[in-house]
Every structure is written in C-alpha cells, then in structure tokens.
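A look at the structure
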Amino acid sequence: MARDSKKAKRQAPVGGELRRDAEEVAVVEARWHVLGDGKPHRPAKSYKYIDELVRLQFELIKLQEWVRIKGLKIAVLFEGRDAAGKGGVIKRISEGLNPRICRTVALGTPTERERSQWYFQRYVAQLPAAGEIVLFDRSWYNRAGVEHVMGFCTDAEYREFLHACPRFEAMLVRSGIHLIKYWFSVNDEEQEARFTERMHNPIKRWKLSPMDLESRKRWVEYSRAKDVMLEHTDKKLTPWYIIDADDKKRARLNCISHLLHQIPYKDLTPIELELPPRQPNDGYARPAKSSQHWVDRGY
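Before going into details, it helps to say that this report is about the structure given with it. The model shown is predicted, which means the values in this text are computed figures rather than measured ones. (Residues numbered from 1 in each chain as written. Predicted model: local features only at pLDDT ≥ 70, side-chain atom pairs only at ≥ 80, totals over all residues. Heavy atoms only, no water.)

Some points on the nonpolar core
Counting residues in hydrophobic clusters, the biggest one holds 35 residues, and the most contacted among them are Phe78, Ile93, Tyr182 and Phe184. For this core, the elements supplying multiple residues, two or more each, are α3 (49-70), β1 (73-80), α4 (86-94), β3 (132-137), β4 (177-185) and α12 (248-262). The element best represented in this core is α3, accounting for nine residues. Excluding its chain neighbours within four sequence positions, the residues that come into contact with Phe184 are Phe78, Glu79, Gly80, Arg81, Ala84, Gly85, Lys86, Val89, Ile243, Ala245, Ala251 and Cys255. In this structure, Val105, Leu127, Val134 and Cys165 belong to the second largest nonpolar core, which totals 26 residues. (Core = buried A, V, L, I, M, F, W, Y, C linked by side-chain atoms within 4.5 Å. Buried < 20%, exposed > 50% of the residue type's maximum accessible area, 1.4 Å probe, protein only. Helix = DSSP H or I, 4+ residues; strand = E, 2+ residues; numbered from the N terminus. Contact = heavy atoms within 4.5 Å.)

Right under this line is the structure:
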C-alpha cells in the first residue's frame, strides 16, 4: 500500500501541491466570517480539515492581539527530520498574522565571523522583543543534529552544547520569554515518499538539498543524535513536544491547537472599523495615463 502511495505521488501533476495550497488559501479566505467563540477543543470525528484550520487561524489572530497588547515574548522552535512538514505548519501559523508581530527566522550557514562567535550569539539577535512572536524554522539545535552527525563541529563543541543548552534556555524563560519546542517526527517510508516527490516536482526541488540526501544515508545516526538531544534538553521548564507528522494536515492542526493551549489569552479580536468617505475631488487633474509606464494587459 505504501509503495502504491509513493507511485501515485510520483505521477502527480507538476505543481500539484502548489495548486492545493492555493486552493486551500482561497477557501480559508472565503470563510473569514467564522462564527462562535472558536476556542480550542477536541473536534468531532467528522471534522473537515479546512473548517478546523480556519477556526484555529482565527484563534491565532486573537492570540496575536493578546501578545501585542500585553507585550508578551513568544519563541517557538520547529525541529525534526528533513521533509517532516515544519515549513508547512509555520506557513499556516503565520499566513493570517501581522508580519510585524509574527516573523519567521530561518538562518543559513554561519559565516566565518559567526563561527568565531559564542555559538548562541546569532540566535540571540533573533529572539522576540515585547509584543512579538518568532517562529524558528530550525534553531540552535542544529548543533545537536546536523552539525554533530555531519562533523561540522568538534566533539568538544557538541558536548559543550548539550551541557550549556538547558542553562541557556532556562535563562530565556527567566527573562520572560515563552519558549515552546516542537519536534516533527516522520517515519522512514513517508520521508522517502516526500523526498521522491521533491525530486520529480520542479516547484519543490529547491527543498531537496545534498544535505537532505546525505541524511537519508545516516538515518540511524540522526535517530541516535535526536535521542541524546532529548535526554539532555527535554526539561520540565523547557520540554520538547513531539508531533506525529506522518499525516501533514493532522500534524498542522495538532500543532496549532497545542500552541494555542500554551499561552493563556483572552478574546481581543480586533474591533470592526468603519470605512470613511473618500475625499471629494477639489478640481485636481491627474496626469494622463499615456505619460506613465503601464504594464500591458497580457491576461
């Protein structure tokens, strides 16, 4: 059955997921007028994905207003296997929020200068200020995963990270930052299917890097690194929350619902605004369109 599923994905039309995402966004935007309190709850067995996504995104807007008005500082870490769906859930969380309040951080390979700094230094610069939510698409846990497995850091640097990380995170929490850590777990066959789709879909091929392919060859090493990481950094003050990501849509809903439960908030839905009347024309003559560079109507 799993092989049939993978074959179907390989034969999917080019841009299939891009089209599905666009259709999903269109449906969500058409249902902005959500009724009811929308508070997180256990859905009925017959729930529809779009209905639940809309409801949860509506709640995220309320959470955003609470964070802004109360000056909260929220940092959410998204870690996990390659192709586990971290980017998809980050997109669903942020797409309906104000980018000045909720921003995504996805740092690239450190520069020579950054490599000479204190390891956590470049991440500290990205932490939230009052009234901000920061979503880390991978974080300082690179050292416990890819850097360790691929030999990009020394054994001494790795051991120091495992020792220092819980203390660093405790400092963040004591400073008033709400730190929430998610690990997206995906099984071997599902990851293979997603990698295969990326290989055959030019729209998603950018997501597949040589490092991703190398991670497939080192599956067991990454598993061992994850287990050691959890052993050292899964603390009562800063616990890891594991998301079953074999089904992308369920993973998105479960993650967003859980996130909403982590920050107590009240309904501060933005008030409805009234559109003021347009300023009357006082005789001002606008320049002719022929004097401007308009784009041809090719569509």
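Comments concerning the packing of aromatic side chains
Taken as a whole and assessed by the stated rule, the structure comprises 16 aromatic pairs. Geometrically, the ring pair formed by Tyr119 and Phe161 is edge-to-face, given 5.8 Å between the ring centres and 90° between the ring planes. You can see Tyr119 sitting in the loop between α5 (112-115) and α6 (121-124) and its partner Phe161 sitting in helix α8 (residues 155-174), a full 42 residues away along the chain. Note on Tyr119: relative accessible area 16%, which makes it buried. Using a relative accessible area of 2% as the deciding quantity, one classes Phe161 as buried. Arranged with centres 4.2 Å apart and planes meeting at 25°, the rings of Phe120 and Phe168 form a pair that is stacked. Of this pair, Phe120 sits in the loop between α5 and α6 while Phe168 sits in helix α8, placing them 48 residues apart in sequence. The exposure classification of Phe120 matches that of Phe168, with both residues buried. One aromatic cluster is present, formed by Trp118, Tyr119, Phe120, Tyr123, Phe136, Trp140, Tyr141, Phe161, Phe168, Trp183 and Trp240 through successive ring pairs. In this arrangement the basic side chain of Arg81 is found over the ring face of Trp219, its NZ or CZ atom lying 3.6 Å from the centre. If you follow Lys289 out to its NZ or CZ, it ends over the ring of Trp294, 4.8 Å from the centre. (Phe/Tyr/Trp six-rings, centres within 6.5 Å; stacked < 30°, edge-to-face > 60°. Lys NZ or Arg CZ within 6 Å of the ring centre and 35° of its normal.)

Things to note about the sheet that holds strand β2 (residues 102-105)
Sheet strands pair via backbone hydrogen bonds, and the direction of the pair is either parallel or antiparallel. Read across the sheet, five strands follow the order β2-β3-β1-β4-β5 without closing on themselves; strand pairing throughout is parallel. On the outer flanks of this sheet lie β2 and β5 (240-244), each paired with one strand and no other. Across this sheet, the average inter-strand angle for adjacent strands is 20°, counted without regard to direction. Pairing geometry for β4 and β5, over five bridges, is parallel. Bridge assignment links Lys181 to a residue of β5, and that residue is Trp240. Helix-sheet contacts for α12 involve β1, β4 and β5, and the interaxial angle to β4 is about 160°. (Pairing = 2+ DSSP bridges. Axes fitted to C-alpha atoms, helices over the stretch in contact; angles between N-to-C directions.)

Focus on unusual backbone geometry
The phi torsion at Ala83 lies on the positive side, around 70°, for a residue other than glycine. Look at Ala83 and you get buried, because its relative accessible area is 6%. With phi around 75°, Arg138 is a residue other than glycine that occupies positive phi space. Relative to the assigned elements, Arg138 resides in the loop between β3 and α7 (146-149).

A word on the pairing of β1
In terms of burial, β1 is largely enclosed, as seven of its eight residues are buried. The sheet contact formed by β1 and β3 spans six bridges and is parallel. Across the sheet, the residue bridging to Ala75 is Val134, located in β3. Of the pairings in the sheet, the one linking β1 to β4 comprises eight bridges and is parallel in character. Bridging across to β4, Leu77 finds its partner in Lys181.

A look at the pattern of salt bridges
According to the stated counting rule, one finds 16 salt bridges in the structure shown. Here Arg115 makes a salt bridge to Glu112, at a shortest N to O gap of 2.6 Å. Within this pair, Arg115 and its partner Glu112 are both found in helix α5, separated by three residues, close to a single helical turn. A relative accessible area of 47% places Arg115 in the partly exposed class. A salt bridge links Arg250 to Asp247; its shortest N-O distance comes to 3.0 Å. Linked through salt bridges whose partners overlap, the residues forming this network are Glu59, Lys62 and Asp267. (Salt bridge = Lys/Arg side-chain N within 4 Å of Asp/Glu carboxyl O.)

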